[in-house]
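Here is what each chain is made of, one letter per residue.
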Amino acid sequence: MSGAALGIEIVVVFFLALFLLHRYGDFKKQQRMVLFGTLLAWYLCFLIVFILPLDVSTTIYKQCLIDHEAHAQTPSVSPVLSNQTTPNTSISPSKRVCYKPWSYIPDGIMPVFWRVVYWTSQCLTWLLLPFMQSYARSGGFSITGKIKTALIENAIYYGTYLFIFGSLLIYVAVHPQWHLSWYGLQTIGITAANTWGLFLLVLLLGYGLVEIPRSYWEASRQGHLLIKTYFKAAKLMTEKADSEENLEDVMEEVRKINELIKYNHPLRKNVDTILRKCPVENQEKMGRNMDDFEDFDDKQTYPTERSLSKLHKQVIYAVQRHNRTRVQWQILLAQAIHLEDVAKNETSTSRQFVHSFAPPEPVGWFRRYIYTPSVEWYWECLLKQWFYRVLSVVLSLFSVAVVWSECTFFSTHPVLSLFAVFIQLAERDYNYLYIEMACFVTIFFLCTCVYSTVFRIRVFNYYYLASHHQTDAYSLQFSGMLFCRLTPPLCLNFLGLIHMDSAISHQAKEQTAYTSIMGSMRVLSFIANGFYIYYPMLIVILCIATYFSLGTRCLNLLGFQQFMGENELTSDLIDEGRELLRRERRKRQRIEDGENRRREWRERSAQRDEIAARNQMSMSEMKETNYGETLNSNTNRQAKYTRSSSQTGRDSIELLQDAEPLDFNAATLNDDPLQSEPGRHAGGRYLSMSSSRSRIFDDV
């Protein structure tokens, strides 16, 4: 099992990253390099989080072996002397046995593994992803043009970091106590990157520690959640209208360019590239300008390739934003309608959950046999609220433990960090499974608070992670950059919380393989002993500011509408959102009623067709019978012709005429306006009496 645990986690983490990328990205439309770069960044970051608990358990096992070897080499002394001089070495024999963990990783594997993962993620976040980000967003029509644009946009970015790195390099070279070497240079680079990441980490973590438990508590209040959904609907409708207007303006510019540049112009291929990025309905309206050959007019002002590149970039952005708001509007409407249904079903006495509209997809076996309407009512109207409340309380306790440990993790005597206490208690009994689970739960909670904030934050319309395949390439790669910058300092911070980082805890213990590739932080003592210890204490201030929604209030004062219950503007947006939901309900109700009427009409038409088929069969049988009787009457008439026999024949003919059935399949005009629509079955009519007479008289 030594390498099986590592291999299983590598595979599981890959599919987890692939699932998230499928949820936010679009495999069919986005560039392969964009998807590959984002997937690799997310995969490496998640891999660090999942593999680090195995590294911790392996390090504890190695420390146990070292302690036992040191204890075996120590000469035996009397118990009294042992308690007076070396109290820490008096270990009972039962605890001197070092059990190898089930997930033990052999020596030499973890250092190489961490080195490859860490340096690959750093190359992605500082070199490749920024370049690919500008490349994907460029409006160039060729690979060379996109590369040129990406290099120009990243020149300032790379120049700033080179200036900072050069300043640190000069500072280390001039300092008399430090000797510049490759190891020291590598440590300085790692320290600078982790310092920048720790600065962002504390900001995001302080927000997530408060907002995640509060979000689950608010989710347990159905009325509050419904009002907040109304507020979001009003804001999203404004954004949706703005995106539609922006798309119309951009399409108008494209139409003018399409009419101006003829098919024989050198830039016509660029215009065709722009047209392919437009929505299908706009492509059908504009089409291609296939006029006859015309000489170029020297007096006519034609756009340049640079202006077309700018227009191409605007088209990509406008189409992406329009599609995103349209999909989000449908999702938000579905959520609001569901919350309204929950509010209506809470007072139901039948305890059967009733939906306002039929589900768009057919009911599967899960909803038919397991998640029945009765089970759905108990979950949505009763159990879900209490489940979210209990979960919110548990997450709040975790948040308090993290805040306390962040403020006290540097204290080793006594040990004040709660997570360090839990790990050391398990270390005494060598309960490796408990150690790995405790480490995984702790680091998973920290990552959830940080990564969920990355998924929630929105920088205007430039960075926005939207689910249901609506995230653009720029935002995907930006999130990959943030993950690669936040994960290494997050892991170092976690190792400091459990006192497994000797650079912070100042304990002579075996270091983890992950810490060994980071180098000794003592090269820059003012960062290791100052910034890394005291800066995380600011998380208390950030948590207090998040709890009282100071950031939300500041954004509201700056003109960015945020959800605030006591604000008048918020109340107006809530009323507007409620009215929008009413309109959408009426619209969907009309559509559903129309579908029901069409379904009933089809069922009625099918019944009429079945009756008509039966009548036709009976009519054909009657005709065959009448034809045989007519032949018999002709034979009798030839034998004896009398006036009474002819009168009997006429009576039988009139009888047949009265008994003629109705033909509902006749393709003739009718007076029903509903039946004149295409695709509908024609109604029935009476058969022509003249045709019936002619056939009967012919037989006679």
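Since the model is a prediction, treat every value here as computed from it, not as a measurement.

Calculation notes
Residues numbered from 1 in each chain as written. Predicted model: local features only at pLDDT ≥ 70, side-chain atom pairs only at ≥ 80, totals over all residues. Heavy atoms only, no water. Helix = DSSP H or I, 4+ residues; strand = E, 2+ residues; numbered from the N terminus. Buried < 20%, exposed > 50% of the residue type's maximum accessible area, 1.4 Å probe, protein only. Areas by Shrake-Rupley, 256 points an atom, 1.4 Å probe, with all protein chains shown as cover. Patch = residues over 30% accessible without salt bridge, like charges linked within 9 Å, V, L, I, M, F, W, Y side chains within 5 Å. Salt bridge = Lys/Arg side-chain N within 4 Å of Asp/Glu carboxyl O. Lys, Arg positive; Asp, Glu negative; His and termini not counted. Charge placed at Lys NZ, Arg CZ, Asp CG, Glu CD. Phe/Tyr/Trp six-rings, centres within 6.5 Å; stacked < 30°, edge-to-face > 60°. UniProt positions renumbered as here; feature names shortened; annotations may be inferred. Expected span 1.5 Å × (residues − 1). Bend = angle between axes of the 7 residues up to and from the residue. Core = buried A, V, L, I, M, F, W, Y, C linked by side-chain atoms within 4.5 Å. Contact = heavy atoms within 4.5 Å. Axes fitted to C-alpha atoms, helices over the stretch in contact; angles between N-to-C directions. Parallel < 35°, antiparallel > 145°, perpendicular 65-115°, else oblique. Left-handed = near helix turned anticlockwise from the far one by under 90°. Nonpolar A, V, L, I, M, F, W, Y, C, P; charged D, E, K, R; others polar.

Turning next to the overall build of the protein chain. When helices and strands are counted, the protein chain shows 23 helices and zero strands. Going through the 700 residues of the protein chain one by one, you find that 41% of them count as buried. Accessible surface computed for the protein chain: about 39800 Å², of which carbon and sulfur atoms make up 61%.

Another aspect to go through is a negative patch on the surface. Together, Glu245, Glu248, Asp249 and Glu253 line one region of the surface with negative charge. Here aspartate 249 lies in helix α7 (residues 222–260).

This structure, assessed with the given rule, holds 30 aromatic pairs. Between phenylalanine 113 and tryptophan 114 the ring centres are 5.4 Å apart and the planes differ by 65°, which places this aromatic pair in the edge-to-face class. We note that phenylalanine 113, like tryptophan 114, is buried. Aromatic side chains tryptophan 377 and tyrosine 378 sit 5.2 Å apart centroid to centroid with 90° between the ring planes, which places their arrangement in the edge-to-face category. Take tyrosine 378: its relative accessible area is 32%, and that puts it in the partly exposed class. Following the ring pairs from residue to residue traces out a cluster consisting of Tyr24, Trp42, Phe46, Tyr451, Phe455 and Phe483.

Listed under "coiled-coil region" (unreviewed entry) in the UniProt record, and renumbered for this structure, are residues 233–260. Taken as a whole, residues 233–260 contains 100% helix and 0% strand, while its terminal C-alpha atoms sit 40 Å from one another.

Take the pattern of salt bridges next. It is possible for side chains of opposite charge to pair when their charged atoms get near one another. Enumeration according to the criterion identifies 20 salt bridges in this entry. Measuring nitrogen to oxygen at the nearest pair gives 2.7 Å for the salt bridge that ties arginine 321 to aspartate 242. In this pair, arginine 321 sits in helix α10 (residues 305–345) while aspartate 242 sits in helix α7, placing the two residues 79 residues apart along the sequence. Assessed through its relative accessible area of 37%, aspartate 242 is described here as partly exposed. For arginine 585, the salt bridge identified is with glutamate 340, shortest N-O distance 2.6 Å. Here the residue arginine 585 occupies a position in helix α21 (residues 568–639), and glutamate 340 occupies one in helix α10, the gap between them amounting to 245 residues. Taken individually, arginine 585 and glutamate 340 each receive the classification buried, so the pair is uniform in this respect. One salt-bridge network, held together by shared partners, links Glu579, Arg582, Arg583 and Arg586.

The feature "transmembrane region" (unreviewed entry), as annotated in UniProt, sits at residues 6–22, 34–52, 116–135, 155–174, 180–210, 386–404, 433–454 and 531–550 in this numbering. End-to-end, the C-alpha atoms of residues 34–52 are 28 Å apart, and along that stretch the chain is 100% helix and 0% strand. Structurally, residues 433–454 comprises 100% helix and 0% strand, and the distance from its first C-alpha atom to its last is 31 Å.

The end-to-end C-alpha distance of helix α4 (residues 109–137), which contains 29 residues, comes to 39 Å, matching closely the 42 Å that a straight helix rising 1.5 Å per residue would cover. The largest bend along α4 reaches roughly 45° and is located at leucine 124.

Residues Trp42, Trp114, Leu209, Ile498 and Tyr514 are the most contacted members of the largest nonpolar core, which totals 94 residues. Counting residues per element, this core draws most heavily on helix α2 (residues 32–73), at 19 residues. The contact partners of isoleucine 498, leaving out residues within four places of it in the chain, are Val56, Phe419, Ala420, Ile423 and Cys439.

Attention shifts here to unusual backbone geometry. Cis rather than trans, the peptide bond between histidine 413 and proline 414 has omega equal to 0°. With respect to the helices, strands and loops of the structure, proline 414 is situated in the loop between α12 (373–408) and α13 (418–429). Even without being a glycine, arginine 351 presents a positive backbone phi close to 55°. Mapped onto the fold, arginine 351 is located in the loop between α10 and α11 (365–370). Positive phi outside glycine occurs at tyrosine 430, with the angle close to 55°. Residue position: tyrosine 430 is located in the loop between α13 and α14 (432–456). Residue tyrosine 430 is classed as buried on the basis of its relative accessible area of 17%.

Let us look at the environment of arginine 588. Positionally, arginine 588 belongs in helix α21. Separated by 232 residues in the primary sequence, arginine 588 and serine 356 have C-alpha atoms spaced 9.9 Å apart. The contact partners of arginine 588, leaving out residues within four places of it in the chain, are Gln330, Leu333, Ile337 and Phe357.

So, on to the packing of α7 against α10. With their axes 8 Å apart at the nearest point, α7 and α10 run at an angle of 155° to one another. Judged by the angle between their axes, α7 and α10 are roughly antiparallel. By crossing handedness, the relation of α7 to α10 is classed as left-handed. Split into classes, the residues belonging to the contact of α7 with α10 amount to 22 nonpolar, eight polar and ten charged.

Looking at where valine 34 falls in the secondary structure, it is placed in helix α2. Residues valine 34 and aspartate 472, 438 residues apart in the sequence, show an inter-C-alpha distance of 9.8 Å. Discounting residues that sit within four places of it in the chain, valine 34 has contacts with Met132, Ala136, Ala473 and Gln477.

The grouping of Trp404, Leu416, Leu418, Phe422, Leu425 and Tyr434 at the surface amounts to a nonpolar patch, some 550 Å² of accessible area in total. When residues of the nonpolar patch are assigned to their parent elements, the largest contribution, three residues, is made by α13. Here phenylalanine 422 lies in helix α13. Residue class for phenylalanine 422 comes out partly exposed when judged on its relative accessible area of 39%.

Moving on, we get to the packing of α4 against helix α15 (residues 473–497). In contact at an axis separation of 9 Å, α4 and α15 are set at 160° when each is read in the N-to-C sense. One element, α4, and the other, α15, form an angle in the roughly antiparallel class. Regarding α4 and α15, the two cross each other, and that crossing is left-handed. Contacts between α4 and α15 involve Tyr118, Ser121, Gln122, Thr125, Trp126, Leu129, Pro130, Met132, Gln133, Ala136 and Arg137 from the former and Ala473, Tyr474, Gln477, Phe478, Gly480, Met481, Cys484, Arg485 and Pro488 from the latter. Residues belonging to the contact of α4 with α15 are distributed by class as follows: twelve nonpolar, six polar and two charged.

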